[in-house]
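For reference, the chains in residue letters:
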Amino acid sequence: MPETRSTCCYCGVGCGVVIEHDGTHITGVRGDPEHPANRGRLCTKGSTLHLTTTPYGRALHPEIRDGIDRSQPRKRARWDETLDALVDRFATTIAAHGPDSVGF
C-alpha cells in the first residue's frame with residue numbers, strides 16, 4: 001500500500017506522519033520514526049488523523065440555533081448568517097465578561 005510522508009496539521013509542533021493510502025483514500029496514519037520532532041510518536045489527535053478524512057461525523061454545512069438555548073435543535077444556515085451570528089455572540093460575551101472570556 002502506498003505511503004506519503006507529511007506533517008500533522010493539529011498543533012504547532014509539526015510532528016511527522018506517514019499517511020497510508022490506496023491512492024484515493026487515506027487508510028491509516030502513523031508517526032514518522034525518522035522525523036526529529038516526534039520520532040514516530042503521535043498524540044491521540046495525530047494518531048486519528050485518518051478518521052477526519054471521512055464524511056462520518058463531520059459538519060458538511062453550517063448549523064445554528066435560534067437563540068442561545070442549547071436544548072433547541074440546530075438548523076442548517078448560510079455561511080453569512082452563521083458568521084454574523086458568531087460575531088454577535090462573541091461581541092456580546094466580550095462586552096459582558098471581558099476579552100479574556102473567549103478563546104479558541
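Before any of the text, the structure's been laid out above.
Residues numbered from 1 in each chain as written. Predicted model: local features only at pLDDT ≥ 70, side-chain atom pairs only at ≥ 80, totals over all residues. Heavy atoms only, no water.

A. Seen up close, a nonpolar patch on the surface. Where nonpolar side chains cluster on the molecular surface, the patch consists of Trp79, Leu83 and Leu86 and spans about 350 Å² of accessible area. Relative to the elements of secondary structure, Leu86 occurs in helix α2 (residues 79–97). A residue is classified by how much of its surface remains accessible, and Leu86, at 43% relative accessible area, is partly exposed. (Patch = residues over 30% accessible without salt bridge, like charges linked within 9 Å, V, L, I, M, F, W, Y side chains within 5 Å. Areas by Shrake-Rupley, 256 points an atom, 1.4 Å probe, with all protein chains shown as cover. Salt bridge = Lys/Arg side-chain N within 4 Å of Asp/Glu carboxyl O. Helix = DSSP H or I, 4+ residues; strand = E, 2+ residues; numbered from the N terminus. Buried < 20%, exposed > 50% of the residue type's maximum accessible area, 1.4 Å probe, protein only.)

B. Layout of α2. Taking 1.5 Å as the rise per residue, α2 with 19 residues should run 27 Å; its terminal C-alpha atoms sit 27 Å apart, in good agreement. Immediately downstream of α2, the backbone of Gly98 shows phi near 95°, a positive value. (Expected span 1.5 Å × (residues − 1).)

C. Region of the structure containing the sheet that holds strand β3 (residues 26–31). Judged by pairing direction, the sheet is antiparallel, and its three strands sit side by side in the order β1-β2-β3 without closing on themselves. Whereas interior strands pair on both sides, the edge strands pair on one side only; in this sheet they are β1 (3–7) and β3. On average, each strand axis in the sheet is inclined to that of its neighbour by 30°, with strand direction left out of account. Where strand β2 (residues 16–21) meets β3, five bridges bridge the pair, whose relative direction is antiparallel. (Pairing = 2+ DSSP bridges. Axes fitted to C-alpha atoms, helices over the stretch in contact; angles between N-to-C directions.)

D. Inspection of the environment of Glu63 at higher detail. Here Glu63 shows up in strand β4 (residues 63–64). Glu63 sits in the partly exposed class, given a relative accessible area of 35%. Counting along the chain gives 29 residues from Glu63 to Thr92, while the straight-line C-alpha distance between them is 20 Å. The residues touching Glu63, leaving out its near neighbours within four places in the chain, are Arg74, Lys75, Arg76 and Ala77. Among the polar contacts listed, one links the side chain of Glu63 to the side chain of Arg74, at a separation of 2.7 Å. (Contact = heavy atoms within 4.5 Å. Polar contact = N/O pair within 3.5 Å; in protein donor to acceptor, adjacent residues only side chain to side chain.)

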